[in-house]
Amino acid sequence: PLVVNMTEFGKTELLTTRELSNLGINAVLYPMTALRLGNRAIEDGLRSLRDGGTQADLLEQMQSRAELYELLDYDETNHSELTSAFGWLGSSGER
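Cut-offs applied
- Residues numbered from 1 in each chain as written.
- Predicted model: local features only at pLDDT ≥ 70, side-chain atom pairs only at ≥ 80, totals over all residues.
- Heavy atoms only, no water.
- Buried < 20%, exposed > 50% of the residue type's maximum accessible area, 1.4 Å probe, protein only.
- Helix = DSSP H or I, 4+ residues; strand = E, 2+ residues; numbered from the N terminus.
- Contact = heavy atoms within 4.5 Å.
- Salt bridge = Lys/Arg side-chain N within 4 Å of Asp/Glu carboxyl O.

Counting buried positions along helix H3 (residues 65–72) yields 0 of 8 residues, so the element is predominantly exposed. Immediately beyond the C-terminal end of H3, within one or two residues, lies Asp73, with a positive phi of roughly 55°.

Written as structure tokens, this is what we have:
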């Protein structure tokens, strides 16, 4: 398989996955994309918190607890399994 490492702000032109596939590329790595997106969101959020003094205006931009649990496939069953596996976990999951 041919793999390409696509990073922003480098020398390589940013090609679409279709273009890369047409060039025979089987897999594409984006090693910095999520980090750069996250860093920008963190920077913007912290600036808003500093300027506004509260996170109230940021709630719609945030991932909710329910969304996080869904992404992680986390539910009370999973929590119970972790609690059993690791005796140091309390009922709240805290150490």
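Now for unusual backbone geometry. At Phe9, a position not held by glycine, the phi torsion is positive, near 65°. Structurally, Phe9 can be placed in the loop between strand S1 (3–5) and helix H1 (17–22). Located in the positive-phi region is Asp73, a residue other than glycine, with phi close to 55°. Checked against the element boundaries, Asp73 lands in the loop between H3 and helix H4 (76–85).

Secondary-structure assignment places Glu8 in the loop between S1 and H1. By relative accessible area, which is 18% here, Glu8 ends up buried. If we ignore the near neighbours within four places in the chain, the residues touching Glu8 are Leu14, Met32, Thr33 and Arg36.

With that out of the way, let us pick up the pattern of salt bridges. Summed over the entire model, instances satisfying the criterion amount to 4 salt bridges. When the shortest N-O distance is used, the salt bridge between Arg36 and Glu8 registers 2.7 Å. Taken together, the positions of Arg36 in helix H2 (residues 33–52) and Glu8 in the loop between S1 and H1 put the pair 28 residues apart, joining distant regions of the chain. The network of salt bridges with common partners includes Glu43, Asp44 and Arg47.

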